2 protein chains.
Amino acid sequence: ASIGRTGMNLRCQCIKTSSNFIHPQFMENIEIIPSGPHCENVEIIVTLQSSDRVCLNPKSPWVNKVINRIMSRSKKTTEDQ
Amino acid sequence: ASIGRTGMNLRCQCIKTSSNFIHPQFMENIEIIPSGPHCENVEIIVTLQSSDRVCLNPKSPWVNKVINRIMSRSKKTTEDQ
């Protein structure tokens, strides 16, 4: 779950990824970096409430589920303005 | 598609959200901020290759689809280390 230096999108950010489940309530922020010339893997970096940053394995089924759950949980229907 | 000041998670980051389709190839980074005490909406902030940042409407069906597509597109199966 290590993260390399943060030169934006010059190379892959994640050195290792983790498949260990993290409960969404501990997630402060989830960053998805699509694959591209800088990195052949999509990268998913979660910032925890402890300020730790963890790279998640994008192939872990729970990752997809948790992200979909978080996205569907908006209380208010924000209208476009 | 405006974004407020970037005091991390003290309040909602998005002032307006957009439902206009953006092709994933123009997305450099997608940030998902779960709802919580600071903000009752989940917030999805996309950084474009132009460095512009756009808040997306989490209720837009295309947003969910694009994020799932991006996540499934990892070429290499990163193994946990």
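Cut-off values and rules
- Residues numbered from 1 in each chain as written.
- Chains lettered and ligands numbered in written order.
- Predicted model: local features only at pLDDT ≥ 70, side-chain atom pairs only at ≥ 80, totals over all residues.
- Heavy atoms only, no water.
- Helix = DSSP H or I, 4+ residues; strand = E, 2+ residues; numbered from the N terminus.
- Buried < 20%, exposed > 50% of the residue type's maximum accessible area, 1.4 Å probe, protein only.
- Pairing = 2+ DSSP bridges.
- Contact = heavy atoms within 4.5 Å.
- Polar contact = N/O pair within 3.5 Å; in protein donor to acceptor, adjacent residues only side chain to side chain.
- Axes fitted to C-alpha atoms, helices over the stretch in contact; angles between N-to-C directions.
- Parallel < 35°, antiparallel > 145°, perpendicular 65-115°, else oblique.
- Left-handed = near helix turned anticlockwise from the far one by under 90°.
- Nonpolar A, V, L, I, M, F, W, Y, C, P; charged D, E, K, R; others polar.
- Phe/Tyr/Trp six-rings, centres within 6.5 Å; stacked < 30°, edge-to-face > 60°.

A. Region of the structure containing unusual backbone geometry. Residues and elements named next belong to chain A. Here Ser 51, not a glycine, exhibits a phi torsion of approximately 75 degrees, which is positive. Summarising the element assignment, Ser 51 is placed in the loop between strand S2 (43-48) and strand S3 (53-56). The class for Ser 51 is exposed, based on a relative accessible area of 55%.

B. Quick peek at the pairing of S2 of chain A. Residue and element names in this part refer to chain A. Across the six residues of S2, six count as buried, placing the element largely inside the fold. Across the two faces of S2 the burial is the same, with Glu 43, Ile 45 and Thr 47 and Ile 44, Val 46 and Leu 48 all buried. Inspection of the sheet shows strand S1 (residues 27-33) paired to S2 by six bridges, in the antiparallel sense. Looking at the pairing, Ile 32 lines up with Ile 44 of S2.

C. Focus on the environment of Glu 43 of chain B. Residue and element names in this part refer to chain B. Among the structural elements, Glu 43 can be located in strand S2 (residues 43-48). For Glu 43 and Cys 55, which are 12 residues apart along the polypeptide, the C-alpha to C-alpha distance reads 7.1 Å. Excluding residues within four positions of it along the chain, Glu 43 makes contact with Arg 11, Cys 12, Gln 13, Cys 14, Glu 31, Ile 32 and Ile 33. In this structure the side chain of Glu 43 is engaged in a polar contact, spanning 2.7 Å, whose partner is the backbone nitrogen of Cys 14.

D. Geometry of the packing of helix H1 (residues 61-71) of chain A against helix H1 (residues 61-71) of chain B. Put simply, H1 of chain A and H1 of chain B touch, their axes get as near as 11 Å, and they point 165 degrees apart. Classed by the angle they form, the pair H1 of chain A and H1 of chain B counts as roughly antiparallel. Where H1 of chain A crosses over H1 of chain B, the two elements pack in a sense that is right-handed. Contacts between H1 of chain A and H1 of chain B involve Asn 64, Ile 67, Asn 68 and Met 71 of chain A from the first element and Asn 64, Ile 67, Asn 68 and Met 71 of chain B from the second. In terms of residue class, the contact of H1 of chain A with H1 of chain B is built from four nonpolar, four polar and no charged.

E. View of the packing of aromatic side chains. Residue and element names in this part refer to chain A. Summed over the entire model, instances satisfying the criterion amount to two aromatic pairs over all chains. Ring geometry for Phe 21 versus Trp 62: centroids 5.0 Å apart, planes at 65 degrees, classification edge-to-face. Taken together, the positions of Phe 21 in the segment before S1 and Trp 62 in helix H1 put the pair 41 residues apart, joining distant regions of the chain.

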